[in-house]
Amino acid sequence: MKESYQQKIVSLLIYIFTCLLMVEWLKPVMELTDTDHLSLFVFYLAISFFFYFIKLDWKLAIPIKLLFICWIIVYIYTDYSFFSKVSLDYLGVELLHNFSAIFSQEWGAITDPFRTFLFFVLLWMTTYLLNYWIRVRKTLLLFFILTVLFITILDAFSPYSGKDSIVTTLISGFIIMGLLYIQKLLVENNISLKGTFITASIGSLILLLAISGITAYALPKAGPIWPDPVPFFTTSTLEVDEREGGVKGTGGIKKVGYGENDEQLGGAFQSDDTPIFWADVNTQQYWKVETKDTYTSKGWIQSESEVELQNFGIGEIFESDIPPGEDNLTTDANIVMAQDFPLILQPYGIKSIQTNEEAMFTRNPLNQKISVLNSSNSSLWDYNVSFSEPTYSLKALRATNTESLNSLSSDFDRYLQLPDTLPDRVRELAVSITQDKSSLYDKANSIERYFRSNSFSYNQTMAAIPDKDTDYVDQFLFDTKVGYCDNFSTSMVVLLRSIDIPARWVKGFAPGDRTNMENLGDVYEVTNNNAHSWVEAYFPNVGWITFEPTIGFSSSANIVYDVEKQTDELLTPEEQQETPKSEGFKKEDEVSFSFTAFLQTIIDWISEKKVTILWFVIILGILSLFAYIHRGKWLSKVLIPTSRLRKNDWNSFEKMYHQLLRQLSRRGLVREQGQTLMDFARKVDKDFGDTHMIRLTKAYQQGFYGNNKTELNYASIRESWEYLINQLSG
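Residues numbered from 1 in each chain as written. Predicted model: local features only at pLDDT ≥ 70, side-chain atom pairs only at ≥ 80, totals over all residues. Heavy atoms only, no water.

J.: Explanation requested: the environment of Tyr75 in the structure shown.
T.: Looking at where Tyr75 falls in the secondary structure, it is placed in helix α3 (residues 58–77). Counting along the chain gives twelve residues from Tyr75 to Ser87, while the straight-line C-alpha distance between them is 9.7 Å. (Helix = DSSP H or I, 4+ residues; strand = E, 2+ residues; numbered from the N terminus.)

J.: Even after reading the chapter, I still don't get helix α5 (residues 112–137), so can you show me in this structure?
T.: Given 3.6 residues to a turn, an α-helix orients residues that are three or four positions apart in the same direction. With 26 residues, α5 should cover 38 Å at 1.5 Å per step; its first-to-last C-alpha distance of 36 Å lies within 8% of that length. Those residues of α5 that sit buried are Pro113, Phe114, Thr116, Phe120, Leu123, Trp124, Thr127, Leu130, Asn131, Trp133 and Ile134. One or two residues past the end of α5 sits Lys138, with phi positive at roughly 60°. (Expected span 1.5 Å × (residues − 1). Buried < 20%, exposed > 50% of the residue type's maximum accessible area, 1.4 Å probe, protein only.)

J.: Honestly, the environment of Leu179 in this entry has me stumped. Any pointers?
T.: Checked against the element boundaries, Leu179 lands in helix α7 (residues 163–188). A C-alpha to C-alpha distance of 9.8 Å links Leu179 and Thr139, two positions 40 residues apart in sequence.

J.: Looking at this structure, I do not really get the confidence of the model for the chain. What am I missing?
T.: Caution applies to low-pLDDT parts of the model: their predicted coordinates are not meant to be read in detail. On average, residues of the chain score 82 in pLDDT, and 84% of them are at 70 or above. Under a pLDDT of 50 for its full length, residues 567–593 has, in the predicted model, 60 contacts with residues more than four places off or in other chains. (pLDDT = per-residue confidence, 0-100. Contact = heavy atoms within 4.5 Å.)

J.: I would appreciate a short explanation of the nonpolar core in the present structure.
T.: What tends to happen in soluble globular proteins is that the nonpolar side chains get buried as a cluster. Ranked by internal contacts, the top residues of the largest apolar core, which has 59 residues, are Phe451, Leu477, Leu495, Leu496, Phe539, Ile545 and Phe547. Looking at this core, the elements with two or more residues in it are α10 (394–398), α11 (424–434), α12 (440–450), α13 (472–480), α14 (485–498), β16 (503–509), β19 (531–539) and β20 (543–547). A total of seven residues in this core trace back to one element, the largest contributor, which is α14. Each residue touching Phe451, except ones within four places of it in the same chain, is listed here: Phe456, Phe476, Leu477, Phe488, Ser491, Met492, Leu495, Pro549 and Ile551. (Core = buried A, V, L, I, M, F, W, Y, C linked by side-chain atoms within 4.5 Å.)

J.: I tried to follow the pattern of salt bridges on my own but got confused; where do I start?
T.: Opposite charge on two side chains permits pairing when their charged atoms draw close. By the definition in use, this model includes 19 salt bridges. Here Glu290 and Lys369 are joined by a salt bridge, their closest N and O atoms 3.8 Å apart. Residue Glu290 is located in strand β4 (residues 287–292), and its partner Lys369 is located in the loop between β10 (360–363) and β11 (370–373); the two are separated by 79 residues in the primary sequence. Judged by its relative accessible area of 2%, Glu290 is buried. What makes Lys369 buried here is its relative accessible area of 16%. Residues joined in a network through salt bridges with shared partners are Glu260, Asp262, Glu290, Lys292, Lys369 and Lys507. (Salt bridge = Lys/Arg side-chain N within 4 Å of Asp/Glu carboxyl O.)

J.: Looking at this model, I keep getting lost on the packing of helix α20 (residues 650–667) against helix α22 (residues 692–704). Mind explaining?
T.: The angle between the axes and the distance between the axes are what describe a pair of packed helices. Running from N to C, α20 and α22 cross one another at 135°; their axes reach a closest spacing of 11 Å. Classed by the angle they form, the pair α20 and α22 counts as oblique. As for how α20 packs across α22, the hand of that crossing is left-handed. Contacts from Trp650, Phe653, Glu654, Tyr657, His658, Leu660, Leu661 and Leu664 of α20 reach α22 at Met693, Leu696, Thr697, Ala699, Tyr700, Gly703 and Phe704. Partitioning the contact of α20 with α22 into residue classes produces eleven nonpolar, three polar and one charged. (Axes fitted to C-alpha atoms, helices over the stretch in contact; angles between N-to-C directions. Parallel < 35°, antiparallel > 145°, perpendicular 65-115°, else oblique. Left-handed = near helix turned anticlockwise from the far one by under 90°. Nonpolar A, V, L, I, M, F, W, Y, C, P; charged D, E, K, R; others polar.)

J.: How should I be thinking about the sheet that holds strand β8 (residues 331–337) in this particular structure?
T.: Backbone-to-backbone hydrogen bonds join strands into a sheet, with any given pair of strands oriented parallel or antiparallel. With antiparallel pairing, six strands are arranged side by side in an open sheet as β9-β12-β8-β3-β18-β17. Edge positions in the sheet fall to β9 (350–354) and β17 (513–517), since each has one partner strand and no second. Here the strands of the sheet are splayed against their neighbours by 35° on average, with no regard to which way each runs. Here β8 pairs with strand β12 (residues 382–387) via six bridges, running antiparallel. Its bridge partner lying in β12, Thr331 is registered against Phe387. (Pairing = 2+ DSSP bridges.)

Laid out in structure tokens, this is it:
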């Protein structure tokens, strides 16, 4: 096998795998920008690299590439035949229109065909640069590193999945680096290797990397250590629908607050401490407003069916599906509204409503809403609710079992509804969490506690908005694990339903904070920050009971511990009476500094300093460009002191010699194809008028080919090397 043929085989493989790396840049760009015709762009790359491989004269390569680009533009954007007058007219009009728009700085007038043309020009420039690195620099390490960074950053901070691309990139990159090293040996040392050796070397390199890549791809992998940062960026940039009753914040981020439209959950919220109402009540209460029963994979809606509304007047006792507690424990809560709110705020165990205004009330058994009917069709601004908090026997809860669910009527079917698209792994997770529990209550308790011990975190700005093919609960449970009350409560309802426990999603307000108002005295102030959602689950022979899966909140259910305490992590009564925290601020008080908080701080700082950062980047870029252009003036000041830190041995000299060859190439003294090292050294010394390059080359050949590395005078060699480096910097 001739030497030129060996080099051609190696070069062909290098260009093929370089083309694969370029394709890995194209795929995410196409996916994230919804651009089609990936195959045409890949074909263009293949043609470009093929031209570089065969060293086609630029007088032929440029017209062919331009013709191909024009054909693609006509093919994509028109139905014209390319070899027709109308297509030529189309291209001419496009060219004139866009150049006119550029010169007049009307950037919005630039058309899509011209943008496509510019993208091809960018690919053209990139392939030219890669060809330069392959032919002259003999390295693609920088491009390889940039490709890996590009894919990993997109995988971490965008919806693009780089799971397969990163494997292809690593295998291709390492193969290229190995092939370039083989090519370097063939060219720089002017040696001829046997064909079988070349084939074995390349084959073993590819086989080794292929086996390593396949093994790494197939082996199980640990889950992410940090929460997914994508939600922050998506919710900070996407326009999200404003919740009914809520206030939209700046930058597409909603302000926290109560709203009735829950069809699309997710997205960031801004804190809002605007008061909604004040409650004069002895103990903290969860204020229920409504429930919803149908999960859509993106949010909640209420099923529609005929139901008889329950009407009652002021002071009348009405029935609820959660019976109140003992009569002797009945107490009152005085509600004073700060905003118009047409629904009654219900503490658990509500029995009746009193007010000095004329009003009637209607209760919808389907969604638990209590609406006000009065002459002005608005909310009551001041009313009392009588209630007695329900209590539950732990003994009765522990007696619930799976068999008892068979006795439930069809009325509970809507509380077991799940979408057909729910991923199987959600159901499998529910089973795995509860498989060692016998009672239904213990199963529900295990699900409630699951969120407190499996790396979940509360954050209002990092919650994801699921894509059209992504389930809201599945994304939270397995991908992001970051969210607020809607994420936690919806996930628990779905997990409960997955193991056939009836459950419904509850909305209302958390208790708020104790404050002293001038006209009201010592009351609980409830703000938009306290808008909240939680869970109600149904147990046969017991009824509906509340659960609180959101981190930082405590269960509002009153459990009577009428059995001996078990060692199963049940909360004690004292722990159950822990003060619930305001949803808007509880995470910051409870959780230590985390990656998500750190990321938020960085983003806020960048937003505040973006003008300064932009100028810094511009100035740094200008200085870097200036330094690069004039690198010949300062490079010796870096190379020589750095080399003096090395030992005077063969390894150091070998690196210094190759470094000198690169600097000579930068100066324009390039070793020609087939030229021996000694011939090249004579040419260099002729230009500089000395014999230092010949001396260095003789020493290099003596050590490399003669394997005589110990008798070399490395001190003298270093002097010659430093002399040439200084000459190149002159």
